Amino acid sequence: MKILVIGSGGREHTLIWKIAQSPLVERIYAAPGNAGIGELAECVPIEATDIEALCDFAKTAQIDLTIVGPELPLVEGIVDQFEEKHLRIFGPTKEAARLEGSKAFAKGLLDELGIPTAAFHTFTTVNDAKKFIVDEEPPFVIKADGLAQGKGVIIASTCEEGVHVVNQMIGQGLFGASGKTVIIEQFLSGDEISILVLTDGTRLIPLSSAQDHKRAFDGDQGPNTGGMGAYSPCPFVTDDELHSYVEQTAKPVIDALRKRGTPYKGILYVGLMLVQGKPYVLEFNVRFGDPETQAILPRLKSDIVPILFQIANGSLEIRKVEWDTRHSISVVMASGGYPGSYQKGFKINGIDSLDSGKDVFVFHAGTARNESGKVITDGGRVLAVSALGNSFREAHELAYQSLAKIKFEGGFYRHDIGKRVFEKTKVGG
Ligand code: AMP
Ligand code: GLY
């Protein structure tokens, strides 16, 4: 098979690393890819949002299966356009991708299906939003309706801050059209987990659970990021509980979309908050999570390619996947300044000195090569180091010993990824 993976992040490097292990695969292309991906796949310089050029490439290169990494091309309808041209592609259609593309759509569907989610109100004018805020108690969870690169959720701890945020989003166009409609939600506290479900629109295979670390700094301080690290599985969620969360959240949504005539195929990411053991849906993503993928896929023993292929064909026959029973931790190393502004182009040293491949994996995200072939920084989240261990503590130590050898100017990472599991439970400690 010839496979094309669209995207250039750590998630895509991990997917390609896993796909490359399949005996079914003859050749892998990535558009546009990054420095690490370039070691496993041929990178073609087409942006992930240039749908027409991607279609043309898939046709000319006779690609058997295209896999879409990021949400933007999905929300813009890449799957519809590929399928019109009889090109096989893994991911949801434009209509089904509204689960991520419009929070108002997702919340409306959750409400209709009676799936627990934070109570919410939708606003399109600053005045209505302000009136609501001054009558309610903080904190306020304020969300831009559309896509905002993971930055569209702001938690305001006072009414003044809440009013300031809606002024910025609706009034001043922070996040552009995505923020012209805002959702104000009830604040929930509990344990967050990420559940990823592979589906052909009818049948489901849940992947092992993971937990992301969204804040930039140790101890969950600092601004929200795309994710600074993850671990898998979540020791405080049993297999039965995971199954029950899927039955209560992902399954009714997938069933409802099929019954409406807009089936969901691909992977559905359900962000959950466990409030006293009850799962509340925080968000849906219509793609693999980043950095959850970097923690989950090193534990997946089954070949992923037949699963992705069957889903793209609309008929998932495989019922179950096999997991490595070890624990994994993945830590993101980012450019100084991220998630705000940062400089690019710094040389990255030390990657080659790692004994990577068996228990330690370096997945590139924002990396490129300079004219002399040296790997340099090229984005906010630069790379992730994932490690497997017989316990979380072992995985944690291995990941951090490896990270200590990687250096680039301004580079930083959190020191506490996965630590909460040693504190919380005896499992894996
Ligand atoms: P989202 O993009 O909707 O997942 O939101 C980003 C992050 O904001 C989540 O991972 C949570 O940590 C936090 N968050 C979102 N919604 C809520 C909520 N209703 N209550 C508390 N925290 C939330
Ligand atoms: N890790 C959160 C996300 O992929 O959106």
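Rules used in this analysis
- Residues numbered from 1 in each chain as written.
- Chains lettered and ligands numbered in written order.
- Predicted model: local features only at pLDDT ≥ 70, side-chain atom pairs only at ≥ 80, totals over all residues.
- Heavy atoms only, no water.
- Pairing = 2+ DSSP bridges.
- Helix = DSSP H or I, 4+ residues; strand = E, 2+ residues; numbered from the N terminus.
- Contact = heavy atoms within 4.5 Å.
- Axes fitted to C-alpha atoms, helices over the stretch in contact; angles between N-to-C directions.
- Phe/Tyr/Trp six-rings, centres within 6.5 Å; stacked < 30°, edge-to-face > 60°.
- Buried < 20%, exposed > 50% of the residue type's maximum accessible area, 1.4 Å probe, protein only.
- Near = heavy atom within 4 Å.
- Polar contact = N/O pair within 3.5 Å; in protein donor to acceptor, adjacent residues only side chain to side chain.
- Areas by Shrake-Rupley, 256 points an atom, 1.4 Å probe, with all protein chains shown as cover.
- Nonpolar A, V, L, I, M, F, W, Y, C, P; charged D, E, K, R; others polar.
- Core = buried A, V, L, I, M, F, W, Y, C linked by side-chain atoms within 4.5 Å.

1. Looking at the sheet that holds strand β5 (residues 89-90)
Okay, step 1: Spatially, the 5 strands line up as an open sheet ordered β3-β2-β1-β4-β5, and their pairing is parallel. What marks the edges here is a single partner per strand, and that holds for β3 (42-43) and β5.
Okay, step 2: Sitting on the sheet, helix α1 (residues 10-19) touches β1 (2-7), β2 (27-32) and β4 (65-68), and the angle it makes with β1 is about 165 degrees.

2. Thoughts on the packing of aromatic side chains
Okay, step 1: Taken as a whole, this structure holds 9 aromatic pairs when the rule is applied.
Okay, step 2: Ring geometry for Y29 versus F57: centroids 5.2 Å apart, planes at 75 degrees, classification edge-to-face. Highlighted residues: Y29 in strand β2 and F57 in helix α2 (residues 51-60), separated in sequence by 28 residues. The residues Y29 and F57 share a single accessibility class, namely buried.
Okay, step 3: Members of the aromatic cluster, joined through ring pairs, are W17, F361 and F363.

3. Section: the site of ligand 1
Okay, step 1: In the neighbourhood of ligand 1, 15 residues make up the surrounding shell, with E185, L188, E192, K214 and E283 lying closest.
Okay, step 2: E192 has a polar side-chain atom sitting 2.6 Å from an oxygen atom of ligand 1.
Okay, step 3: Protein chains bury 92% of the 470 Å² of accessible surface belonging to ligand 1 in isolation.
Okay, step 4: Elements represented by at least two residues in the shell around ligand 1 include exactly β7 (140-144), β8 (153-156) and β17 (278-285).
Okay, step 5: Here the residues of the shell around ligand 1 sort into 8 nonpolar, 1 polar and 6 charged.

4. Remarks on the nonpolar core
Okay, step 1: Counting residues in each nonpolar core, the largest one holds 78 residues, and the members touching the most others are I78, L99, I193, I195, F284, L383 and I406.
Okay, step 2: The residues contacting L99, other than those within four sequence positions of it, are F105, A106, L109, V253, L257, Y264, L268, F284 and V286.

5. Overview of the environment of Y245
Okay, step 1: Counting through the fold element by element, Y245 comes out in helix α9 (residues 239-248).
Okay, step 2: Along the primary structure Y245 and L198 are separated by 47 residues, whereas in three dimensions their C-alpha atoms are 15 Å apart.
Okay, step 3: For Y245, the residues in contact, after removing those within four places along its chain, are I193, I195, V237, A250, L272, L274, G277 and P279.

6. Some words on unusual backbone geometry
Okay, step 1: Geometrically, the link from P138 to P139 is a cis peptide bond, its omega value of 0 degrees lying close to zero.
Okay, step 2: Within the element layout of this structure, P139 appears in the loop between α7 (126-135) and β7.
Okay, step 3: Of note, the bond from S232 into P233 is cis; its omega dihedral lies within 30 degrees of zero at -5 degrees.
Okay, step 4: The topology assignment puts P233 in the loop between β15 (229-232) and α9.
Okay, step 5: Positive phi values are uncommon outside glycine, yet H86 reaches one of about 60 degrees.
Okay, step 6: Counting through the fold element by element, H86 comes out in the loop between α4 (78-84) and β5.
Okay, step 7: In the Ramachandran plot, F175 falls in the positive-phi region, its phi being about 75 degrees despite a non-glycine side chain.
Okay, step 8: Mapped onto the fold, F175 is located in the loop between α8 (159-171) and β9 (182-185).
Okay, step 9: According to the relative accessible area criterion, F175 is partly exposed, its value standing at 25%.

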